[in-house]
Amino acid sequence: GHEQTKMPKDVKAEIEEAGTSIRQVLGATMWSAVVTEDNNLHVWGSSQATMNFKLGRKVRGHVVKAANGDNNMALLLDDGTLAIIGDKSSEYYVNIPEELTDGTVLVKDIASTNRNVIALTEDGNVYCWGANQDGLNTIPDGVQGNVAAIEAGYRHFNVLLKDGTVKSWGSTALKQTEVPADLGNVTEMFSDYYQNYAVTSESDEIVAWGNKGYIMG
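Residues numbered from 1 in each chain as written. Predicted model: local features only at pLDDT ≥ 70, side-chain atom pairs only at ≥ 80, totals over all residues. Heavy atoms only, no water.

Trainee: Report on the side chain of Gln4, specifying residues and quantitative values.
Mentor: For Gln4, the position within the fold is in the segment before α1 (9–18). Engagement of the side chain of Gln4 in a polar contact is seen with the backbone oxygen of Thr29, the distance being 2.7 Å. Not counting residues up to four positions away in its chain, the partners in contact with Gln4 are Thr29, Met30, Trp31, Ser32, Trp44 and Gly45. (Helix = DSSP H or I, 4+ residues; strand = E, 2+ residues; numbered from the N terminus. Polar contact = N/O pair within 3.5 Å; in protein donor to acceptor, adjacent residues only side chain to side chain. Contact = heavy atoms within 4.5 Å.)

What follows is the structure, given as structure tokens:
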């Protein structure tokens, strides 16, 4: 293993010394990470990950949220801009739209597949970029300007629209993009590797679709 399942003592000590707490937890095959309330990112696990995911001066202390792919992470910063860390040769890193990094367009949320990113802007639009796989970079009709929330699985994206409907695209290998026709008015939405879950205003039950055989799937 890469000891990614146990927070190192030095990371724990650094968080305690800063007098902060954990806002977000992330996990991957060979590494784990946390974003703390003082807007810092701490990564541990494989030596490759800890070397690739070092933060530059302009990013350190400004991370609001992180979204992880296989070899990269997208970071939402406190000024509404984005940064990418990790493999600098990947399309995930190279193809990030410039307007999302220079403050021209402000971002409010991010999500990531294994090799693709989706970013939700303040005006309800989304940007998608990364590897050329499963049509993930092609945004469906009727989405732009109407997005309330975003989620991502391993190779698919979901967006919750302002009218309570869900649009999904990407890999259909395990029916993870086949949104139930009778889903109803969705108020909250969550996605995992190959599963999706929705809470609707009509029911107190969670509606699930995608891969079968799991406790909630």
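Trainee: Can you break down the packing of aromatic side chains residue by residue, with the values?
Mentor: Considering all chains together, one arrives at five aromatic pairs under this definition. On the basis of an interplanar angle of 65° and a centroid distance of 6.2 Å, the ring pair of Tyr154 and Tyr194 is categorised as edge-to-face. Here Tyr194 lies in the loop between β13 (186–191) and β14 (195–200) and Tyr154 lies in the loop between β10 (147–152) and β11 (156–161), a separation of 40 residues in the sequence. Here Tyr154 falls in the partly exposed class, since its relative accessible area comes to 22%. Residue class for Tyr194 comes out partly exposed when judged on its relative accessible area of 28%. For the ring pair Phe157 and Trp169, a centre distance of 5.8 Å and an interplane angle of 70° mean the geometry is edge-to-face. With Phe157 in strand β11 and Trp169 in strand β12 (residues 166–170), the pair connects residues that are twelve residues apart, well separated along the chain. On the basis of relative accessible area, Phe157 is assigned to the buried category, the value being 0%. Residue class for Trp169 comes out buried when judged on its relative accessible area of 7%. Three or more aromatic residues link up through ring pairs in this structure, and these residues are Tyr154, Tyr193 and Tyr194. (Phe/Tyr/Trp six-rings, centres within 6.5 Å; stacked < 30°, edge-to-face > 60°. Buried < 20%, exposed > 50% of the residue type's maximum accessible area, 1.4 Å probe, protein only.)

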